[in-house]
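Here's the letter readout for the chains.
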Amino acid sequence: KQEVTQIPAALSVPEGENLVLNCSFTDSAIYNLQWFRQDPGKGLTSLLLIQSSQREQTSGRLNASLDKSSGRSTLYIAASQPGDSATYLCASPRCTDKLIFGTGTRLQVFP
Amino acid sequence: KAGVTQTPRYLIKTRGQQVTLSCSPISGHRSVSWYQQTPGQGLQFLFEYFSETQRNKGNFPGRFSGRQFSNSRSEMNVSTLELGDSALYLCASSGTNTEAFFGQGTRLTVV
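Remember, it's a predicted structure, so these values are computed and weren't measured experimentally.

### Some words on the side chain of N63 of chain A
All names here are of chain A. If you trace the backbone, N63 turns up in strand β7 (residues 62-67). A distance of 2.7 Å separates the side chain of N63 from the side chain of E56, its partner in a polar contact. Those residues in contact with N63 that sit more than four places away from it in its chain are L48, E56, Q57, T58, T74, L75 and Y76.

### Describing the packing of aromatic side chains
Residues and elements named next belong to chain B. Tallying each qualifying case throughout the model produces 8 aromatic pairs over all chains. Both rings, one in F47 and one in Y49, keep their centres 5.8 Å apart while their planes meet at 70°; by these two values the pair is edge-to-face. The same class applies to F47 as to Y49, namely buried. Directly above the ring of F50 sits R55, whose terminal nitrogen or CZ lies 4.4 Å from the centroid.

### A closer look at the side chain of S74 of chain B
Summarising the element assignment, S74 of chain B is placed in strand β8 (residues 74-78). Relative accessible area serves as the criterion here: at 0%, S74 of chain B is assigned to the buried category.

### Focus on the pattern of salt bridges
All names here are of chain B. Here the structure, examined in full by the defined rule, presents 7 salt bridges over all chains. R55 is the partner of E48 in a salt bridge, and the nearest nitrogen-oxygen pair spans 2.6 Å. For R55, a relative accessible area of 36% puts it in the partly exposed group. Close ionic contact of R63 with D85 constitutes a salt bridge, the shortest N to O distance being 2.8 Å. Of this pair, R63 sits in the loop between β6 (53-57) and β7 (64-68) while D85 sits in the loop between β8 and β9 (87-94), and the two are 22 residues apart along the sequence.

Rules of the game
Residues numbered from 1 in each chain as written. Chains lettered and ligands numbered in written order. Predicted model: local features only at pLDDT ≥ 70, side-chain atom pairs only at ≥ 80, totals over all residues. Heavy atoms only, no water. Helix = DSSP H or I, 4+ residues; strand = E, 2+ residues; numbered from the N terminus. Polar contact = N/O pair within 3.5 Å; in protein donor to acceptor, adjacent residues only side chain to side chain. Contact = heavy atoms within 4.5 Å. Phe/Tyr/Trp six-rings, centres within 6.5 Å; stacked < 30°, edge-to-face > 60°. Buried < 20%, exposed > 50% of the residue type's maximum accessible area, 1.4 Å probe, protein only. Lys NZ or Arg CZ within 6 Å of the ring centre and 35° of its normal. Salt bridge = Lys/Arg side-chain N within 4 Å of Asp/Glu carboxyl O.

This is the structure we're talking about:
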């Protein structure tokens, strides 16, 4: 059974810091891994998708890596801004398109 | 290209009533999944449909049901509502590369 854990659960940092969010999964036979952000009361916004054959993906100030052998994915946010404040979730499909979600990291970036 | 559309955005229902939520996926996407999000349980998978067939089902009572139409639009139904069904219900659609895109959700409040 796939279990996904995210550390830390919450993070509060001043603007401009570079951040690392961690995601661990128990079953390394994953199909892909996806990172999302969620603003309070809203839906999920897809940030990055890493296919199982890839090791990382980049989009703007975001970079996500995937290490299947260690069961870990890392989301790196460069030069954080107050607009980055949100909850960040990682998820992996167990089979078909059923996503198993982590518990999330609640990020607050203050000016 | 339009995103995933969920209607209605907000609902207030009384215990014992039933409710139907609607999800229109991104054009061309054939897979639609539903999730329930509550503060205590996080994001939990309800069911997934692909080409009008339920492909996967989460661990929810039979009061929760769904269906998918030939145009890939999906509905979920909850009968005999309970207070604990109050939650944000999220729908996601995905295409051939399995990247999931979420709607803004339907906030259901049962009183």
